[in-house]
Amino acid sequence: MSEVPERKVGIVSCSGEELAEGTVARLAALKVLNELRPRDTVTICLPLFLAGGVGDRVFARLHPTITVDGCDLRCAARGTEKHSSKPAASVVVNELLARCGLERPEGRRRLNAAGQKAVQVTAERLAALVDQALGREAGTTASNDAAVHEPDGDRREATCSCGSGVPVTKIIIDGQAVELVALALIFQQFCEMGRRLDERSQRELFETVKIYNAVPPEAEGSYREAVLREYAAFCHGKKKG
Amino acid sequence: MSLSKETLVVVPCSGIGKPFGSVTREAAYDLCDELRPESTRLVALAKLVLGDPDARALVAKHRAVTIDGCKQMCAAEMVREIGGPVAREVAVLDVFRRHKDLKPEGISELNEAGRKLARVLAEEVAQSLDDAVQPVKGADHV
């Protein structure tokens with residue numbers, strides 16, 4: 001059975017090579033991906049928003065994203081918003097360190113002790129934001145437990161989005177063609193579960209679609225109507241086929 | 001920082017999802033910090049992606065060495081899009097094919113083989129730049 005991709009948080013790091021803070025951003029992102037929240041997170045290479053294909057851009061629309069930047073240029077945050085969608089949360093390393101009263105890191109290639117501390121603090125902040133994005137209470141996630149109990153040899157590598165392909169469907173909403181991601185998978189899943197179009201199913205179907213797609217609040221009614229119309233057609237087609 | 005006409009800009013992809021991305025970053029540091037510190041300047045790809053005017057101006061004006069960790073060739077694509085002169089486009093995988101004993105592992109912390117692969121790549125680029133009489137736009141991968 002086709003399944004709607006599990007909801008995960010995409011971590012986008014600037015990885016800025018020119019500053020130690022860029023190295024902090026990169027290592028903090030990797031710490032979250034590999035150790036703190038391995039089951040809840042995936043990563044996306046920032047440049048892939050430009051160089052990658054539709055699948056790469058769609059990936060970030062499918063998952064809520066948290067960006068981590070080394071400096072005020074906020075390349076990851078601005079780039080993600082420009083080429084994909086607005087991040088659920090953003091962290092800027094130098095701002096975070098200033099708020100915490102911590103020293104600036106040094107050593108863009110090999111971080112000094114202040115840099116190592118900065119990685120820890122930034123990673124913990126990111127992990128808390130991941131929990132928030134997934135609607136969980138901080139520190140109580142299953143992935144936390146996994147990180148504690150899994151031996152080092154079983155640690156997962158960061159999951160990369162390279163080549164990820166997520167189906168996109170174009171539907172007409174208020175006379176405009178709109179791309180919705182994972183719609184076919186969601187329909188397939190609801191259909192195979194035997195869900196009819198009663199009020200509860202309608203609500204749950206649309207809420208599921210909203211998890212993976214940004215729906216403008218002012219157009220929610222139109223989106224809902226269009227999605228339900230498409231689902232009815234999908235089910236009808238299944239019956240005939 | 002004022003740059004001479006002969007300064008090369010070095011743009012690694014720094015891909016975060018695979019060890020090959022970390023090799024690009026390490027190789028760029030080898031090249032810019034140790035092998036050719038006087039004649040190279042590291043430029044963060046993230047800045048180019050965002051359209052930072054200073055970073056784009058550097059790439060538009062100076063010959064670039066791009067180092068990529070996967071087939072998407074993000075760094076090379078970006079520099080080509082800006083239209084700056086290209087000295088070398090390097091794909092880590094091409095170098096790895098010639099040095100199969102240097103299999104990089106670890107993203108946060110590259111293993112010794114990964115660091116050696118980065119060094120080999122950086123030395124090859126440095127040597128080829130020294131040997132080059134005329135830069136060739138769109139030069140083949142190393």
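Residues numbered from 1 in each chain as written. Chains lettered and ligands numbered in written order. Predicted model: local features only at pLDDT ≥ 70, side-chain atom pairs only at ≥ 80, totals over all residues.

### Remarks on the sheet that holds strand β4 (residues 86-91) of chain B
Residue and element names in this part refer to chain B. Here we have four strands laid out as an open sheet, ordered β2-β1-β3-β4, and parallel in their pairing. Edge positions in the sheet fall to β2 (40-42) and β4, since each of these pairs with one other strand and no more. Averaged over neighbouring strand pairs, the angle between their axes works out to 20 degrees when direction is ignored. Relative to β4, strand β3 (residues 64-68) runs parallel, the two sharing five bridges. Paired with Ile-67 across the strands is Val-90, a residue of β4. Lying over the sheet, helix α4 (residues 74-82) contacts β1 (8-12), β3 and β4, oriented at roughly 150 degrees with respect to β3. (Pairing = 2+ DSSP bridges. Helix = DSSP H or I, 4+ residues; strand = E, 2+ residues; numbered from the N terminus. Axes fitted to C-alpha atoms, helices over the stretch in contact; angles between N-to-C directions. Contact = placed C-beta atoms within 7 Å.)

### Remarks on the pairing of strand β4 (residues 89-92) of chain A
Within a regular beta strand, the side chains point alternately toward one face of the sheet and then the other, so they alternate between its two faces. Residues and elements named next belong to chain A. Bridge analysis of strand β3 (residues 65-69) against β4 gives four bridges, and the strand direction is parallel. The residue of β4 that forms the bridge with Val-68 is Val-91. Each parallel crossover has a hand, and for β3 linked through helix α4 (residues 75-83) to β4 it is right-handed. (Right-handed = clockwise from strand over helix to strand, strands pointing away.)

### Some details on the sheet that holds β4 of chain A
Residue and element names in this part refer to chain A. What the four strands build is an open sheet, ordered β2-β1-β3-β4; its pairing is parallel. Strands with a single pairing partner mark the edges of an open sheet, and in this sheet they are β2 (41-43) and β4. The sheet shows a mean angle of 25 degrees between the axes of neighbouring strands, direction not considered. Packed onto the sheet, α4 meets β1 (9-13), β3 and β4 and runs at close to 145 degrees relative to β3.

### Remarks on the confidence of the model for chain A
Taken as a whole, chain A shows an average pLDDT of 79; of its residues, 77% reach a score of 70 or greater. Low confidence marks residues 142-165 of chain A, where pLDDT is under 50. Its contacts with residues over four positions away, or in another chain, come to 44 contacts. (pLDDT = per-residue confidence, 0-100.)

### Quick notes on the interface of chain B and chain A
Facing the 27 residues of chain B at the interface are 29 residues of chain A. Broken down by element, the residue count for the side of chain B that touches chain A peaks at five residues, all from helix α2 (residues 45-50) of chain B. Residues that form the side of chain B that touches chain A fall into these classes: 16 nonpolar, five polar and six charged. (Nonpolar A, V, L, I, M, F, W, Y, C, P; charged D, E, K, R; others polar.)

### Quick notes on the pairing of β3 of chain B
The element β3 of chain B is largely enclosed, with a buried count of five among its five residues. With α4 of chain B bridging β3 of chain B and the parallel β4 of chain B, this β-α-β connection has right-handed handedness. (Buried ≥ 20, exposed ≤ 12 C-beta atoms within 10 Å, placed from the backbone.)

### A word on the nonpolar core
Among the nonpolar cores identified, the biggest contains 84 residues, and Ala-28, Ala-29, Val-32 and Leu-126 of chain A together with Leu-45 and Ala-75 of chain B are the most heavily contacted of them. A total of 10 residues in this core trace back to one element, the largest contributor, which is helix α1 (residues 20-36) of chain A. Not counting residues within four places of it along the chain, the set of residues in contact with Val-32 of chain A comprises Ile-11, Arg-37, Thr-41, Ala-123, Leu-126, Ala-127 and Val-130 of chain A. Membership of the second largest hydrophobic core comes to 12 residues, among which are Leu-180, Phe-187, Leu-205 and Val-227 of chain A. (Core = buried A, V, L, I, M, F, W, Y, C linked by C-beta atoms within 7 Å.)

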